[in-house]
Each structure stands twice: as structure tokens, then as C-alpha cells.
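# Per-entry structural report
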Amino acid sequence: MANQDLIDALRAADAVKFGEFELSHGGTSDYYVDKYLFETDPECLSLIAAAFAERLGDDETLAGVALGAVPLVAVTSAETGRPYVIARKQAKEYGTGNRIEGRLSEGERVVVLEDIATTGKSALDAVEALREAGAVVDRVIVVVDREEGASELLADHGIELESLLTASDLLADE
């Protein structure tokens, strides 16, 4: 069963919008989950951090995908006392030039925290970058799974997708 408090908080933050929206993968949708509204709302952040914390394994380091998941992984790190790393979409061309920011050891178990999963491509890219850096990653936890193929894509690569909410949960009774 979905977390009704989280559903209510996302709705109260006006993070669920209806109309016609273009999505990052190029498709369109008649609803949009505005991650920037829920990621900048203290009530939503608190509920998300607590929900992520409940799902973590004992020895997992946290990872967030830049830019969207950084507030989520940071607040979950503060909630749990666990360190985190940030997976960039691509290595920066200045400074250290890292694709993975933060401390990561070879063989370290990592769970990726993500805001919204649609196709799963963004999460998969992050997992692949973390694996290339030596991490062991077999799980992604998202706030909202739009139920548009992410679970299947990730499963094809040996990654389990867990969600705090699904689009069906969020849109029920709307």
C-alpha cells in the first residue's frame, strides 16, 4: 500500500499537475510530477528521507543522480548518517573531471536514489557509471515510478527498481 502521507504531501506541494506535458525522454503525458516542487518542500523531503531510510540495507552507501536527486540523497544521508556520492550525467571538463563525486571504494555496495523513473535510462546510466567506478549496484529506489518501462529496463541489467509511489498510487482518486 502506498504511503498516503507522502501522496498527500506531494499533492499539497502542488507537485502533481494535469495538462499536456513534454517529458525528458521526448514523450508526452497528460500529467506531470514536478520534482522541483517536492524537492524544495521541507515536508516532502522529510517524508521521502524517512521512506528511503526504511528501505536501505545495512551496508549500502547512497548515490544520487545529478541534479534532480541531489536534495533527496543529501536529506537521506542526514537522516541516516550514511555517506553519499553523486553520479553526474557526464564527467565535468574542469576541476577533477570526475563523473562520480564523493568517496567511493572498490567493491562498495551502493543504492541509487532517484526522483522519478519513466524509461529508467537516467537511473541505468548512473548505475553503469557507478559500476565502472568499482561500486556494486543492484538496486534503485525512486520516489515515483511512472510505470512506463523503467522497471523492465533496469531488470534487464540486473537492477531491482523499488518505488515509494507509483503513478497509479499518485493519480488514484484525482
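Residues numbered from 1 in each chain as written. Predicted model: local features only at pLDDT ≥ 70, side-chain atom pairs only at ≥ 80, totals over all residues. Heavy atoms only, no water.

### A closer look at the confidence of the model for the protein chain
When pLDDT is averaged across the protein chain, the result is 93; 97% of the residues are at 70 or more. Helix α6 (residues 150-155) holds the highest mean pLDDT among the elements of the protein chain, 98, whereas strand β1 (residues 16-22) holds the lowest, 90. (pLDDT = per-residue confidence, 0-100. Helix = DSSP H or I, 4+ residues; strand = E, 2+ residues; numbered from the N terminus.)

### Overview of the environment of Ser77
If you trace the backbone, Ser77 turns up in helix α4 (residues 70-80). With a relative accessible area of 13%, Ser77 lands in the buried category. A sequence separation of 16 residues divides Ser77 from Thr61, and the C-alpha atoms of the two residues are 9.1 Å apart. Non-local contacts of Ser77, meaning those with residues more than four positions away in its chain, are made with Leu62, Arg82, Pro83 and Tyr84. (Buried < 20%, exposed > 50% of the residue type's maximum accessible area, 1.4 Å probe, protein only. Contact = heavy atoms within 4.5 Å.)

### Some thoughts on the nonpolar core
Soluble, globular proteins show a tendency: their nonpolar side chains are buried together. If you look at the biggest cluster of nonpolar residues, it comprises 30 residues, and the most contacted ones within it are Leu10, Phe38, Ile48, Phe52, Val143, Leu164 and Leu170. Looking at this core, the elements with two or more residues in it are α1 (4-12), β2 (28-33), α3 (42-54), α4, β6 (109-117), β7 (136-145), β8 (160-166) and α7 (167-171). With six residues, α3 is the largest single contributor of residues to this core. The contacts of Val143, once residues within four sequence positions are left out, are Phe38, Ile48, Phe52, Leu72, Glu114, Asp115, Leu164 and Leu165. Core analysis: the next-biggest nonpolar cluster, separate from the first, contains 23 residues, Ala129, Val137, Ala150 and Leu161 among them. (Core = buried A, V, L, I, M, F, W, Y, C linked by side-chain atoms within 4.5 Å.)

### Details of the layout of surface pockets
Within this model, the largest pocket holds a volume of roughly 540 Å³. Ser24, Lys35, Asp115, Ile116 and Thr118 are, among the 26 residues lining the largest pocket, the residues nearest its centre. Within the residue set of the lining of the largest pocket, elements represented by two or more residues are β2, α2 (35-39), β6 and α5 (121-132). It is β6 that provides the largest number of residues to the lining of the largest pocket, a total of four residues. (1 Å grid on protein atoms, 1.4 Å probe; cavity = no way out; pocket = protein on both sides within 12 Å on 5 of 7 lines; lining within 4 Å. Points joined across faces, edges and corners; volume = space filled by probe spheres on them.)

### Here we look at the side chain of Thr118
Structurally, the position occupied by Thr118 is in the loop between β6 and α5. By relative accessible area, which is 15% here, Thr118 ends up buried. Once you skip the residues sitting within four places of it in the chain, Thr118 turns out to touch Leu23, His25, Arg146, Glu148, Gly149 and Ala150.

### Quick look at unusual backbone geometry
In most cases, non-glycine residues show a negative phi, while peptide bonds are predominantly trans. Between Ala66 and Leu67 the backbone carries a cis peptide bond, its omega angle lying at -5 degrees. Mapped onto the fold, Leu67 is located in the loop between β3 (61-65) and α4. Phi at Asp14 is positive, roughly 60 degrees, even though this residue is not glycine. Mapped onto the elements, Asp14 comes out in the loop between α1 and β1. The exposure class assigned to Asp14 is partly exposed, which follows from its relative accessible area of 43%. Phi angles above zero are rare outside glycine, and Glu147 is one such case at about 60 degrees.

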